[in-house]
Structure formats: structure tokens, C-alpha cells
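Residue strings, one per chain:
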Amino acid sequence: MLDAALTQSLRQIVGDRNFKDDRQSLVAHSYDGTPMLQSLPDGVIYPESTEQVSEIMKVLAEYRVPVVSRGSGSNLCGGTVPVQGGIVMVMHRMNRIVEVDMENLTATVQTGIITAEFTAHIESLGLFYPPDPSSMKISTIGGNIAECSGGLRGLKYGTTKDYVIGLEAVLASGEIIRTGGKLMKDVAGYDLTKLLVGSEGTLAIITEATLKLVPPPKSKKTMLAMYKDLYGAARTVSRIVEAKIIPATLEFMDNPTIRVVDDFANLGLPRDMEAILLIEQDGDPEAVERDIGRIREICEAEQADRIDVADNREQAEKLLTARRSAFTALARLRPTTILEDATVPRSRIADMVLRINEIARKYDVSIATFGHAGDGNLHPTATTDARDLEEVHRVEQAFEEIFEAAIELGGTITGEHGVGLVKAPFLEWKVGSAGIGLMKGIKQAFDPNNLLNPGKIFAKETRKRVVINRG
Amino acid sequence: MANANAPATIQKKPAIEHTNPMAKTLLAKLDYDQLTNCMRCGFCLPACPTFRETGLEPESPRGRIALMKAVADGLMDPDQAFQDQMNHCLGCRACEPACPADVKYGQLIEQARDAIEDHAGHSAPIRGVRKLMFKGVFPHRNRLKWLGRSLALYQKSGLRAIARGTGIMKLFPKHLREMEQILPDATGKGVVERLGAVYPAKGEKIARVALFRGCIMDVMFADTNVNTVKLLSEAGFEVVIPETQVCCGALHAHSGEMDQARDLARVNVKAFREAGIEYIVSNAGGCGALLVEYDHLLHEDPEYRELGEWFAPRVVDVGKLLVEKGRIPDFAEPAAAAATKPVTITYQDSCHLRNVMKSSTAPRELMNQVSGAHYCEMKDSDRCCGSAGIYNVTQPEMAGQILEHKMEHANATNARYLLTSNPGCLLQMKHGIEKHGAKDRMEAMHIVDYLYERIGGKDGR
């Protein structure tokens, strides 16, 4: 329960319409896109301006009440579940495009804007904002910044961090800071812009962002290559990059995924394939033709069993269907779908997929893997039933071992979803105890009273590493 | 799958002894598997009209499912705010095609309303009206005909003029008054009375099909039913109109009267099974959407389950049947109308036709075939118009807000004809044109009426 004087102050700042503490509002902000997590906040607030956010933070700091800022609550790491209660701050009302600067090729937006609405506007102006997380129809730019979202174009174009060049943010104290600007170069002090990108709402509340735009590619070509040998597919990925070609998209699906997708979409995919690669190249038409021709040769040299190259957009759409259906097809198998994002150097993809399959067998759970092969960013996806506690426990054990395997192969526990609540116990495995200490110091400097999204990134205690006994 | 292990025996529903009787009913009636299937990804949010209008999570499908689950789990009481929220949903089901996990949201919202209705303390007059309409009128053909004749008498005898003139209509809420003005002329003579129970195919017969004539449809829109039969005949279908058919039960199901909806479904499956037909044709998206789910509706009835499974896959939208199986006649705007430039037409999807019956390309294909007409797609034509069954009567404020935005898009097309394929949508569009539109320049019509009147050589209007 919130102090009556506190709620009175909050209502005064945003108006009665934009503060809620009725039961249904609390229940409807107790979860995000992460399975099996729920915790009720004490209030929900919808600010309409940076000034309101600042006023709100001053009041919350005075009363020492925690705050979880969020967009649409579609993240997959438990990053916006209010585990310590307090206020959920929904940024949807701050959704204006402040400016598109055609001379500097930048856009300045309030962070509550929906990613897809932003990119549609940018594309209507003949420009291009590449980050394309799969949730972009509902995710907000603010959420993308907080989690440093990736997407299918990461290999060639980078992820959200590569496009954020300036920020306006409100500190825990209520002070407003501005970092970076419409600047392609800026080394004035520590790079606070990059520090805030991916900070998961734990350092400040990001209210406005200046984003870098690029000219769109002139043409695009799509192809699909299928392999009976997983290593052939993996070697293809490495060889393409070795040949100094960076494809716009280089996606991967393993055999369990292929089977599920084929059952769902009736695409007539060969079910005995161990891997499918979806490859796209964009750019000037001649360069695209040349690259696709070269990639085709590499696929053939690596014994691809079948290669389909689309001649037109319609055929390309057909080739894209398989990869696009992966998540939907898996989500329909069982009630609960747990999608992780363990990431390895791209040269280790085949090893990682085999380890995942081995671990799934060991714990007797269903895990299919697809993902962004060019980035080494895999999505091992477990399908289970939250009500079957015994099975869910085995799934958790399997994922623990998958994280362990990723680290062993020189990878990381999360490539693009964030640490949040779910991966906090494993963070130390990746960054070490000195790394955790340093990160905690940064958190302390920004948020001494631990009010901004408390309980995230840092676990009370680190999970003991599993000793893997292979005999 | 590395291993698709069989699910062990698990607790499907939480074992909670609710003290709140409505919570108990909700736990019993809600499909807990479907509640669990929602993975809260939020993909439904941008598809939901009430979320788009308010930006509030409880006004979204994800939010409403979370509320249902919270009540079932004992996390909150089904208080008045919860009940209101369940009724705030338009039931347009635009969230279903957007859902990766294929959650049957439409079924969940109907189960929730059904449970709420079991405990509803309606005031005596409301109870009376509900009973009169749901039990006393919709299911009874003769009483509907009587109502139609009375309404026709009211409209034609000058009683309407007197009612409007004396200001007696002012005693009704504003939105009901507005609706009264756009009601079409009713009739006591339905399609069977006018065409007989069997109507032959023109030319070689492609198939024998049955018309689902609907209850309100056959009183308020009997002309559309007549035109549907004739259009089907022109396209090569023999049309039967089984006389023992009754109301589809959609209004009952959407209002939480599931048992009555099931009673009506039982009568209908029998009526059509006996008619010896290949397809059951619907010209009202709202009715069709329930008809295609009769298999689900009768799933737990051992006696009728099989009939339901026979019935559901045979239900088809008239437009889809024409495009996929029929000989499409030549449609043309009258030469005079299209003399200088083509006549612009546009289309408002019926949500249930689009999202449940999955018929959205067929009507557009037909409209694109009318010579002398130019089909102009309206922005957000796939979004609910706010009619949503009786939603515009029960939730006038939200419906009005949605309609206002809809008419902005409609006006931007500059269409002469705004077509749709469901009686509720049609009334709402007429209402919209009256209120926000260019009523001298734009006319709302059922797509069947528009098309039938433009069959080659016939002079339109």
C-alpha cells in the first residue's frame, strides 16, 4: 500500500486519469512477456512529459518507493516485473516523434513510441532505421534501448546500441541529463549514452532518444539452403564471412524446429534436414547479385542438399515464411514457451546446437533451436507446461546447463534479451566477481537508494556453477 | 523435438475453494488451458480497438486474460470493475489472428460473460427485457414476424412520425434515439414467404446450398436475404431455406447466455442436416462466426457433438462461396452513374467475417470486378466499427469514439457507396454517415444488395 500523501502528490503531477491503483490496473501490470513470473505493483503511472517524469522521481525519491519504467512489457527476461512492488511507469503516452533531421540524418523521439510505427514513418521519408526485434510491432523504442534489442539485421547493421547517439534521461533524484547529441563523434567524458543503452531501467528513466538513420538499401535478394550435415551449415556461415561478404540476414533453424514449422505451415520442408539457413543480401543490385552468386557457390561447396534462390519478392516471401513461422509454430505446441538467447562466437554454432540437443535429451525436455546464425545468437526454445512443476524444474536445469555450455564455448548467457530477473543468477559466470563489483558500483553511483527497477541484473546470490561430468 | 515427452498427470486447474460464488463459477467455466496458453507476449495489443482508444493494459486482450486468470487463481475478486471490463470488450476478435499461441480469446470472453451472467443482479426491468428478447423473441419465428409487422406498422402508419413529432423519443437515451432513426423498414414477410423454401439454380447447377436466414436479418433486412438467394441462383446454386431453422444464438453467446445459445444450435444443426445440402451460406458475419463454431459449442453434448462437427465446416460466407465455387455474374454500375468517371466504392470488414470466418479477400475480389466502379481501400478497414452486436447500445461512449475515427477514414475515401457484410455493421455505418459523414454523398449498403442490383443489364437505382 502506498502512503496516501504520496498518491495524492502523484495524482497532482499527472492528473487522476494518469495514475491508477485499482486492483485491475495492478494485476494488469504484474507481468511481462516472460513466462511464470508475476508480482503486483502498488500503483501505475502514465507520464506525459519529461518534466512530469522528473517531478514523479523527486516524489518517489522522497518516499523511497521503487519504480519500474516500461513500454509494452514484452521483454523476455522478467525485466519489467515489479518484484519489489512500487510504481510501474508506463511510457506509452510519451510517443511523439520530436524531429526528423534530414540534414544530419537523425530522428529524435520520445521513448514511448512503438518501434514499428517509428520505422514506418522513417521509411515513408525514404530513410532506414535497421534494428528490427521480432516484437517490433508492439515494443517501444525505449524498451529497445533499455534492453539493447537486436533482431534479424544485426550481423550487417548492428543492434540498437549502434544507432543511439543521444539521450535525455531522468535520474533517480529527478535531475534531467542529456547525453551525446546529433554527433557522429563525441568523446567528452565517459560515454554515458552507451552506458544507458542496455541498462534495463536500473540507472535512469530514458525519456527521449536521438537515433542515427541510414539510407535504405536499393535492392534485396533472398535464398534458402538446406543441409543434412549440421557442420556443413555451420561452416557455410563461417566461409561466407571469410569470403568478406556480410549478408543482411543469416538465419538458422535446427531439425526439431524444421519439423515443428512444417507441421504448422505445411511448407513441404524436407524433414530429414539437420539445418536450414535463410540468407538475404541487400545493397546495390550488381553487388547483391554477385554476393548471392558467391554465397551459392559456398553453400554448394559445403554440400547443401537443396538451394532455393528467390527470383522475385513473392518467392522471397515464401522462403521467409519458414523462419517467420518458427516462433508461432513452437508457441502452439505446449501451453508454456520459454525462449532464451544464449550466444556464442559464430564459429561455434554447430557445437552449441549439438550441446543443446544433448542437454535436452539428458533432462528429457523438448527444446528446438533457431536464431541469428550470423551473430552466433541462438534461441533455444523449450516448450512445456507451467503447471507441470516437475517438468518445469527439468527445463530450468537444462537452461542452466545451456548457459554454462555457452560460456564454455566463449559465448554469453544473453545476446539480446537482457539479464533482468531470469539470468541474474548467472551473470557472474560471464562477467566475473570483479565485473559484478564494478557494475554494482556504477548502479550505486546512479541510484544510491536502489529505487530504479530493483532486483534486476544483480542476484542476491550467484548460482553455483554446475560441474559437468562427461564420462 | 529432442524429446516430446508425454505430459505427466498435472493439476489442470488450481485447486482453490473460492468463497466468492462468481469466482467459483468463473473457475469452473473458464478454459484454464487457454488461460495458460496466453504467454503474455503482447502481440495482440496493437490489434485491439479498446486498447488503441485508451492505451490501458486492462483494456487489452492480454490484460483481460490476465484479469480472468487472476480471478480464477484467487488473486482478485470479480468485482464490478472486473465485470465492466469483460463487457467493455467489443468481441471483434482481431486479437486472434495476431496471437502466435492461437489462444481462443473469443471463447474465453464468452465463458467469462456466461459466468458473470449466472450471478448478475440485473434490475427487474432489465431482467424483463433480457428475458423477453433472448427467450421470448429471437428464438421464435412467429413472434419475430409479429414484431416485424408491428414495427412496419409503426414505421408506415405515421405512428413513427407521431412518436418523433411528439418528442416521446426524447424519453430514450440519446444513442438509442439515434439508432431508432436509422432502423430500416421492417417487414413481416421474410425470404421464404417471398421466394418459397427452394429456389432453383440458373443454368447448370453447381451445388445445392442452404441459406441461413437469421432472425433480425429476415425481419429488418429481408430484402438482403432475397437478394442473397437470387445472387446465389445467378451464380449457379440451388438454394434451400430450411424452415425449421432458428436464430443462430450469437447475441445470446456474446451476452453470456450460453445455455440458450446451445439450445438454438441443437435446433439448427438438425434443421440443416435434414436439408441434403453441401454448404450453409451466411450473409451476416456475426451469425456466421457463431455457426462455424457450433462444433465447439456442442462439443460436450454427446448426442449433438457429431452433428456439430458435420455442420461447422460447411458454413461459408456468401462472398467466399461465389468466388471459390460459383459462376460470377458480370457486375456493372449503371451507365448513367459511371458516365464521367467510375463510381468509388469502399468496404468496412465485418470483424467476425474477417477474423473468425477468415473471409476478407473474397468480398474485395467481387468489388474489384464491378465495371464502372473503382474500389478504394479505406484506412483501417479491418478495424471494428464499434457496432459489435449490441455493443453500441450497451457501451455507447466507447462505440461513439471508435465510430468517429472510423468515419474520418470513410470520408477520406470519398466513396459513393460504403459496403459491408453484416447487419450490425451496416446499421452502424448508416448511423456514422448520418452523424459524421456526408449523408448526401455517401450511402451504406450490404455488399450483396449492391452486387445483386448491379448484375449486368439491371438498372441500379
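What counts and what doesn't
- Every residue gets a number counted from 1 within its own chain, in the order that chain's sequence is written.
- Chains and ligands are labelled by the order in which they are written, letters from A for the one and numbers from 1 for the other.
- Note on the predicted model: pLDDT of at least 70 is required for a residue's local features to be given, and 80 or more for side-chain atom pairs to be given and counted; whole-chain, interface and lining totals, by contrast, use all residues.
- Numbering goes from the N terminus for both helices and strands, where a helix is a DSSP run of H or I of at least four residues and a strand is a run of E of at least two.
- Here a residue counts as buried when 20 or more other C-beta atoms fall within 10 Å of its C-beta, as exposed when 12 or fewer do, and as partly exposed in between; the C-beta atoms come from the backbone.
- We call two residues in contact whenever the C-beta atoms placed from their backbones are within 7 Å.
- Both definitions apply: the radius of gyration is a C-alpha atom measure, and the globule rule equals 2.2 Å times residues to the power 0.38.
- Take the number of residues in a helix, subtract one, and multiply by 1.5 Å to get its expected span.
- For this classification, the nonpolar set comprises Ala, Val, Leu, Ile, Met, Phe, Trp, Tyr, Cys and Pro, the charged set comprises Asp, Glu, Lys and Arg, and every other residue, Gly included, is treated as polar.
- Think of it this way: DSSP has to see at least two bridges between two strands before they count as a pair.
- To get an axis, a line is fitted to the C-alpha atoms, and for a helix only the part in contact is used. The angle between two axes follows their N-to-C directions and goes from 0 to 180 degrees.
- For every residue, the predictor states its confidence as a pLDDT score lying anywhere from 0 to 100.
- For this analysis, nonpolar core means a set of buried Ala, Val, Leu, Ile, Met, Phe, Trp, Tyr and Cys residues linked through C-beta atoms within 7 Å.

Details of the overall build of chain B
Now for step 1: Secondary structure assignment for chain B yields 26 helices and nine strands.
Now for step 2: In chain B, which comprises 461 residues, the share counted as buried stands at 49%.
Now for step 3: Taking contacts inside chain B between residues at least 6 apart in sequence as the whole, the part at least 24 apart equals 78%.

Regarding the overall build of chain A
Now for step 1: Secondary structure assignment for chain A yields 14 helices and 16 strands.
Now for step 2: In terms of C-alpha radius of gyration, chain A reaches 23 Å, essentially the compact-globule figure of 23 Å for 471 residues.
Now for step 3: When its C-alpha atoms are laid out on the principal axes, chain A stretches across 70 × 55 × 40 Å.
Now for step 4: For chain A, buried positions account for 53% of its 471 residues.
Now for step 5: Partitioning the intrachain contacts of chain A with sequence separation of at least 6 by distance along the chain shows that 74% fall at a separation of at least 24.

Focus: helix α13 (residues 389-408) of chain A
Residue and element names in this part refer to chain A.
Now for step 1: Between its terminal C-alpha atoms α13 stretches 29 Å, which fits the 28 Å expected from 20 residues at 1.5 Å a residue.
Now for step 2: All of the buried residues in α13 are E391, V395, A398, F399, E400, I402, F403, E404, A405 and A406.
Now for step 3: The elements touched by buried residues of α13 are β14 (336-339), α12 (349-363), β15 (367-372), β16 (377-384) and α14 (427-446).
Now for step 4: Looking one or two residues beyond α13, the residue adopting positive phi is G410, at roughly 85°.

Quick word on the interface of chain A and chain B
Now for step 1: Contacts between the two partners involve 40 residues from chain A, matched on the other side by 36 residues from chain B.
Now for step 2: Elements supplying a minimum of two residues to the side of chain A that touches chain B: α2 (23-27), α11 (313-331), β14, α12, β15 and α13 of chain A.
Now for step 3: If one sorts the elements of the side of chain A that touches chain B by residue count, α2(A) sits on top with four residues.
Now for step 4: Considered class by class, the residues forming the side of chain A that touches chain B number 14 nonpolar, 13 polar and 13 charged.

What about the pairing of strand β3 (residues 237-240) of chain B?
Residue and element names in this part refer to chain B.
Now for step 1: The pairing of strand β1 (residues 198-199) with β3 spans two bridges and is antiparallel. Directly across from V198, in β3, lies its bridge partner V240.
Now for step 2: Of the pairings in the sheet, the one linking strand β2 (residues 207-212) to β3 comprises four bridges and is parallel in character. When the bridges of β3 are listed, V209 appears paired with V239.

Points about helix α8 (residues 230-242) of chain A
All names here are of chain A.
Now for step 1: Taking 1.5 Å as the rise per residue, α8 with 13 residues should run 18 Å; its terminal C-alpha atoms sit 19 Å apart, in good agreement.
Now for step 2: Listed in full, the buried residues belonging to α8 are L230, G232, A233, A234, R235, T236, V237 and I240.
Now for step 3: Those residues of α8 that are buried lie in contact with β10 (219-227), β11 (249-254), β12 (275-283), α10 (285-301) and α12.
Now for step 4: Just downstream of α8 lies K244, where phi reads positive at about 65°.

Some details on the sheet that holds β2(B)
Either a parallel or an antiparallel arrangement is found when strands of a sheet pair, and the pairing is made through backbone hydrogen bonds.
Residues and elements named next belong to chain B.
Now for step 1: Spatial ordering of the open sheet is given by β1-β3-β2-β4-β5, a layout of five strands whose pairing is mixed. Each edge of the sheet is formed by a strand with only one pairing partner; in this case those strands are β1 and β5 (315-317).
Now for step 2: One ladder, built from three bridges, connects strand β4 (residues 279-282) with β5; its direction is parallel. Across the sheet, residue I280 finds its bridge partner in β5, namely V315.
Now for step 3: Packing of helix α20 (residues 318-325) onto the sheet brings it into contact with β2, β4 and β5, and relative to β5 it is tilted by some 85°.

Thoughts on the confidence of the model for chain A
Now for step 1: Summary statistics for chain A give a mean pLDDT of 94 and a share of 99% for residues scoring 70 or more.
Now for step 2: Low pLDDT, under 50, characterises residues 467-471 of chain A; the predicted model gives this stretch one contact beyond four residues in sequence or across chains.

Focus on the nonpolar core
Now for step 1: Counting residues in hydrophobic clusters, the biggest one holds 259 residues, and the most contacted among them are I276(A), L277(A), A398(A), M68(B), I280(B) and V281(B).
Now for step 2: Among the elements that line this core, the one with the most residues is α12(A), at eight residues.
Now for step 3: Apart from residues no more than four positions distant in its own chain, I276(A) is found in contact with L224(A), M226(A), M253(A), I258(A) and A322(A).

Observations concerning the environment of F327(A)
Now for step 1: Within the element layout of this structure, F327(A) appears in helix α11.
Now for step 2: Residues F327(A) and L339(A), spaced 12 residues apart in sequence, show a C-alpha to C-alpha distance of 8.9 Å.
Now for step 3: Ignoring anything within four residues of it in the chain, the contact list for F327(A) reads S134(A) and P100(B).

Notes on the sheet that holds strand β1 (residues 19-20) of chain A
Residues and elements named next belong to chain A.
Now for step 1: With mixed pairing, the four strands of this open sheet are ordered in space as β1-β2-β4-β3. In the strand order of this sheet, the two ends are held by β1 and β3 (67-70), each with one partner.
Now for step 2: Where strand β2 (residues 43-45) and strand β4 (residues 87-90) come together, three bridges link them in parallel fashion. Across the sheet, residue G43 finds its bridge partner in β4, namely I87.

A few points about the confidence of the model for chain B
Residue and element names in this part refer to chain B.
Now for step 1: Chain-level pLDDT for chain B is 87 on average; 87% of the residues reach the 70-or-more range.
Now for step 2: The low-confidence segment residues 1-7 (pLDDT under 50) makes 18 contacts with residues lying over four places distant or belonging to another chain.
Now for step 3: At the level of chain-chain contacts, confidence expressed as ipTM amounts to 0.94, with global pTM at 0.87.

Observations regarding the packing of α8(A) against α12(A)
All names here are of chain A.
Now for step 1: Closest axis-to-axis distance for the α8/α12 pair is 8 Å, and the angle between their directions is 145°. When α8 is examined against α12, the residues L230, Y231, A234 and V237 are found in contact with a partner set consisting of I349, A350, V353 and L354.
Now for step 2: Tallied by class, the residues present in the contact of α8 with α12 amount to eight nonpolar, no polar and no charged.

Describing unusual backbone geometry
Now for step 1: For D364(A), which is not glycine, the phi dihedral falls at a positive 55°.
Now for step 2: Inspection of the secondary structure puts D364(A) in the loop between α12 and β15.
Now for step 3: Residue class for D364(A) comes out partly exposed when judged on the 13 C-beta atoms lying within 10 Å of it.
Now for step 4: For D102(B), which is not glycine, the phi dihedral falls at a positive 60°.
Now for step 5: Considering the arrangement of structural elements, one finds D102(B) in the loop between α6 (95-98) and α7 (105-118).

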